[in-house]
Amino acid sequence: ASDLYTEPPVNFVSHKHIIDGKQILEIVIEKSDERPHLAPDEKGNMKAFVRVDDQNLLANGVLINVWKQEKKETGVRVEYSEAEKFILTYLSKNKSITFSKFCKSAKIEHTYAKKILTDFIILKLIDIVITDKMICYKLNSESQINLDFK
């Protein structure tokens, strides 16, 4: 099924168990280095999904860009413009920010916001938080950011 419905195919291992006389099939899927894997949505369009707890959720453009960037052997170049300063300062004072709030508050285009978020996730400065209700971004608790931008 993986060969037919996912691009690239997803590797998995299956185990059969007999419990109370019933046959149970366990499918184990390890984290893949070939992300993103695409699968058809309800309409048959190929989309990238991310596993969160026991749900498959649609991956957003930032996460897809992160997966693509992780495959490249080139580094990340970051300029500290007002938008970069804004998000780091904002997240140092607030728990999280959504993509749309970042775009509106920093007064930047979606494409530029995606690039900033992608770069900062790759650099482990910020984390993406995905739930079944929303996607937001927060400071990486292990990063040590000096916010003295003088």
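Relevant structure appears above.
What you see is a predicted model, and the numbers here were worked out from it, not measured in a lab. (Residues numbered from 1 in each chain as written. Predicted model: local features only at pLDDT ≥ 70, side-chain atom pairs only at ≥ 80, totals over all residues. Heavy atoms only, no water.)

Another point: the overall build of the chain. What the chain contains, in helices and strands, is 5 helices and 8 strands. Starting at the N terminus and walking to the C terminus, you meet the elements of the chain as α-β-β-β-β-β-α-α-β-α-α-β-β. Taking 150 residues into account, the globule formula puts the C-alpha radius of gyration at 15 Å, and the chain, at 19 Å, lies well above it. By the burial criterion, 30% of the 150 residues in the chain qualify as buried. The contacts of the chain with a sequence gap of at least 6 include a subset with a gap of at least 24, amounting to 46%. Accessible surface, the chain: about 10900 Å² in total, of which carbon and sulfur atoms supply 50%. In the chain, which carries 23 positive and 22 negative side-chain charges, the distance between the mean positions of the two groups comes to 7 Å. (Helix = DSSP H or I, 4+ residues; strand = E, 2+ residues; numbered from the N terminus. Rg over C-alpha atoms; globule rule 2.2 N^0.38 Å. Buried < 20%, exposed > 50% of the residue type's maximum accessible area, 1.4 Å probe, protein only. Contact = heavy atoms within 4.5 Å. Areas by Shrake-Rupley, 256 points an atom, 1.4 Å probe, with all protein chains shown as cover. Lys, Arg positive; Asp, Glu negative; His and termini not counted. Charge placed at Lys NZ, Arg CZ, Asp CG, Glu CD.)

Next up on the list: the environment of Val 66. Turning to its location among the elements, Val 66 is positioned in helix H2 (residues 61–71). Sequence-wise, Val 66 and Asp 119 are 53 residues apart; in three dimensions their C-alpha atoms are separated by 7.7 Å. In contact with Val 66, other than residues within four places in its own chain, are Thr 118, Ile 121 and Ile 122.

Right, let's talk about the nonpolar core for a bit. Counting 21 residues, the largest nonpolar core has Ile 87, Phe 102, Leu 117, Ile 126 and Tyr 137 as the members making the most contacts within it. Elements supplying a minimum of two residues to this core: H2, helix H3 (82–93), helix H4 (99–106) and helix H5 (110–122). (Core = buried A, V, L, I, M, F, W, Y, C linked by side-chain atoms within 4.5 Å.)

The subject of this paragraph is the sheet that holds strand E3 (residues 38–40). One open sheet accounts for 3 strands, arranged E3-E4-E5; its pairing is antiparallel. Across the chains shown, the open sheet's two edge strands, defined by having one partner strand only, are E3 and strand E5 (55–58). When strand polarity is set aside, the average angle formed by the axes of neighbouring strands in this sheet is 60°. Looking at chain direction, strand E4 (residues 46–52) and E5 are connected through 4 bridges and run antiparallel. Note that in E5 the partner of Val 52 across the bridge is Gln 55. (Pairing = 2+ DSSP bridges. Axes fitted to C-alpha atoms, helices over the stretch in contact; angles between N-to-C directions.)

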